[in-house]
Amino acid sequence: QVQLVESGGGLVQPGGSLRLSCTVSGFTFSSLAMSWYRQAPGKERELVAIIGSTGGSTSYADAVKGRFTISRDNAKNTVYLQMNSLKPEDTAVYYCRTYYGREYWGKGTLVTVSS
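Position numbers for residues count from 1 along each chain, tracking the sequence in the order it is written. Residue-level local features of this predicted model are given only where pLDDT is at least 70; pairs of side-chain atoms are given and counted only at 80 or more, and the full residue set underlies all totals for whole chains, interfaces and linings. Hydrogens and water molecules were not included; the side-chain quantities draw on all heavy atoms of the structure.

Undergrad: Which residues make up the side chain of Arg67, and what values go with them?
TA: To qualify as a helix, a DSSP run of H or I must reach at least 4 residues; to qualify as a strand, a run of E must reach at least 2; elements of each kind are numbered from the N terminus. Mapped onto the elements of the fold, Arg67 is located in the loop between strand 6 (58-60) and strand 7 (68-73). N or O atoms within 3.5 Å of each other form a polar contact, as long as, within protein, one can give a hydrogen and the other can take it, and as long as residues adjacent in sequence are counted only when both atoms are side-chain atoms. Within polar-contact distance, the side chain of Arg67 engages the backbone oxygen of Ser85 at 3.0 Å. Excluding anything up to four places from it in sequence, Arg67 contacts Gln82, Met83, Asn84, Ser85, Leu86, Lys87 and Asp90. By the convention used here, residues are in contact when the closest approach between their heavy atoms is within 4.5 Å.

Undergrad: Residues and numbers for the pairing of strand 3 (residues 18-25), please.
TA: Strands are labelled as partners when DSSP assigns at least two bridges between them. Here strand 1 (residues 3-7) runs beside strand 3; their pairing, made up of 5 bridges, is antiparallel. Looking at strand 3, one finds that Val5 is bridged to Thr23. As paired strands, strand 3 and strand 8 (residues 78-83) are joined by 6 bridges and run antiparallel to one another. Across the sheet, the residue bridging to Leu18 is Met83, located in strand 8.

Undergrad: Help me get a handle on the nonpolar core, residues and values and all.
TA: The biggest cluster of nonpolar side chains holds 29 residues, and the ones touching the most others in it are Leu4, Trp36, Leu81, Met83 and Tyr94. Of all the secondary-structure elements, those providing two or more residues to this core are strand 3, strand 4 (34-39), strand 5 (46-51), strand 7, strand 8, strand 9 (92-99) and strand 11 (109-113). Ignoring anything within four residues of it in the chain, the contact list for Leu4 reads Cys22, Thr23, Val24, Phe27, Met34, Cys96, Arg97, Thr98, Tyr104, Trp105, Gly106 and Lys107. Residues grouped as a nonpolar core are buried Ala, Val, Leu, Ile, Met, Phe, Trp, Tyr and Cys residues, joined through side-chain atoms within 4.5 Å. Relative accessibility thresholds used throughout: buried, under 20% of the residue-type maximum; exposed, over 50%; partly exposed, between the two (1.4 Å probe, protein chains only).

Structure follows, in structure tokens:
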């Protein structure tokens, strides 16, 4: 059974940092690209970052470029999103996603950036 489980969300002040994790089970993690999306209240879900299967290629949304870093540990079946210099507009539910015959999503973890 394929499962994606996110963790690491919470409340942080503007300018702070958080690291999100997404642990995957049920398929060969090291063969698949992984991505992070987010959905803010009242807005559509948007792509934040994507990483290739080996971790050698990454891509970011313009809104997070230079502040967020996506990485992966294939030995731990886990993808990470390091978020620095957080802004109130980064407040959202963050989801990890992959495609393996079809889309698979985690249930999300809430990040709230507020003073």
